[in-house]
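Summary of the model geometry
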Amino acid sequence: MPMNETKRYRLMVGIIVGLALLNLALLVWMYLAPRQQTRRTDRRLFLSRELNFSEEQRKQYRALRDEHFKIIRPMLEEIHESRKRFFQQVNDTTLTDAQLQQQAEQLETKLAQIDVKTFRHFQQVRALCTPEQRARLTEVLARFPARWFSGRAGQGGYNRPGADSTQHRQN
């Protein structure tokens, strides 16, 4: 039995109204839902939380972290731009393997400088720690690759400062 036009029209209007109400309910739910702490904030607080720093240690750690990223952030940006220029040469058929190797080695040299600075940063963090916290720091650092702490993880191998970035609000 074919449906007459009036019933079909009412059904379509009902479906559209139902979908609109569902969308409205979803928007209200999203607006009223409690906001969870962002992942970036979690990453920024990760080390001080893992090591159970006291308030004084947190202050000292924040100062060390801020100084560290003030130094390496420009280096990371420079690497990002250099790497971008490196791959923009893909259409240049005159580049030799030796030239490409030299450019790649320059990138690696810059990355090594960041790794050394990050290593020194963690030595400073270690100096803030109690003996128990030092043992925990050793465990934490062993669990994660060094690039996680130096900002080398993520997009294309080079990300903005990662784990303890100070680009976000301070707590």
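Not measured: the values here are computed from a predicted model.

What about the overall build of the protein chain?
When helices and strands are tallied, the protein chain shows 6 helices and 0 strands. Each helix and strand of the protein chain, placed in order from N terminus to C terminus, yields the pattern α-α-α-α-α-α. Within the protein chain, contacts between residues at least 6 apart in sequence are counted, and of these 73% link residues at least 24 apart. As displayed, the protein chain offers around 12300 Å² of accessible surface, 57% of which is attributable to carbon and sulfur atoms.

Notes on the pattern of salt bridges
What the rule picks out here adds up to 8 salt bridges. When the shortest N-O distance is used, the salt bridge between Glu5 and Arg8 registers 3.6 Å. With Glu5 and Arg8 both in helix H1 (residues 5-32) and 3 residues apart, this pair spans about one turn of that helix. According to the relative accessible area criterion, Glu5 is exposed, its value standing at 57%. A salt bridge links Lys110 to Glu78, with the shortest nitrogen-to-oxygen separation between them at 3.1 Å. Of this pair, Lys110 sits in helix H4 (residues 97-128) while Glu78 is found in helix H3 (residues 55-88), placing the two residues 32 residues apart along the sequence. Overall, the relative accessible area of 42% leaves Glu78 in the partly exposed class. Several salt bridges converge on common partners, so that one network encompasses Glu50, Arg136, Glu139 and Arg143.

Side note on the packing of aromatic side chains
Within the structure shown, the criterion is met by 2 aromatic pairs. Residues Phe53 and Tyr61 carry aromatic rings whose centres are separated by 5.7 Å and whose planes lie at 55 degrees to one another, so their mutual orientation is tilted.

Some points on the nonpolar core
Counting 12 residues, the largest nonpolar core consists of Phe46, Leu47, Leu51, Phe53, Tyr61, Leu64, Phe122, Val125, Leu128, Cys129, Leu137 and Val140. Those elements that provide at least two residues to this core are helix H2 (39-50), H3, H4 and helix H5 (131-143). Looking at this core element by element, the count peaks at 3 residues for H4. If you look at the next biggest cluster of nonpolar residues, it comprises 9 residues, including Leu76, Ile79, Leu107 and Ile114.

Concerning a nonpolar patch on the surface
Together, Tyr9, Val13, Val17, Leu21, Leu24, Val28, Tyr31 and Leu32 make up an exposed nonpolar region whose accessible area comes to about 860 Å². Counting through the fold element by element, Tyr31 comes out in helix H1. Among the residues examined, Tyr31 registers a relative accessible area of 64% and is labelled exposed.

Looking at the packing of H3 against H4
Packing of H3 against H4 leaves a shortest axis separation of 10 Å and a crossing angle of 175 degrees. Put simply, H3 runs roughly antiparallel to H4. Partitioned by chemical class, the residues of the contact of H3 with H4 number 15 nonpolar, 9 polar and 5 charged.

Concerning the packing of H4 against H5
Relative orientation of the contacting elements H4 and H5 amounts to 150 degrees, with a least axis distance of 9 Å. Relative to H5, H4 is oriented roughly antiparallel. Crossing hand, H4 versus H5: right-handed. Seen from H4, the contacting residues are Phe122, Val125, Arg126, Ala127 and Leu128; seen from H5, they are Gln133, Arg134, Leu137 and Leu141. Residues of the contact of H4 with H5, tallied by class, amount to 6 nonpolar, 1 polar and 2 charged.

Thresholds applied
Residues numbered from 1 in each chain as written. Predicted model: local features only at pLDDT ≥ 70, side-chain atom pairs only at ≥ 80, totals over all residues. Heavy atoms only, no water. Helix = DSSP H or I, 4+ residues; strand = E, 2+ residues; numbered from the N terminus. Contact = heavy atoms within 4.5 Å. Areas by Shrake-Rupley, 256 points an atom, 1.4 Å probe, with all protein chains shown as cover. Salt bridge = Lys/Arg side-chain N within 4 Å of Asp/Glu carboxyl O. Buried < 20%, exposed > 50% of the residue type's maximum accessible area, 1.4 Å probe, protein only. Phe/Tyr/Trp six-rings, centres within 6.5 Å; stacked < 30°, edge-to-face > 60°. Core = buried A, V, L, I, M, F, W, Y, C linked by side-chain atoms within 4.5 Å. Patch = residues over 30% accessible without salt bridge, like charges linked within 9 Å, V, L, I, M, F, W, Y side chains within 5 Å. Axes fitted to C-alpha atoms, helices over the stretch in contact; angles between N-to-C directions. Parallel < 35°, antiparallel > 145°, perpendicular 65-115°, else oblique. Nonpolar A, V, L, I, M, F, W, Y, C, P; charged D, E, K, R; others polar. Left-handed = near helix turned anticlockwise from the far one by under 90°.

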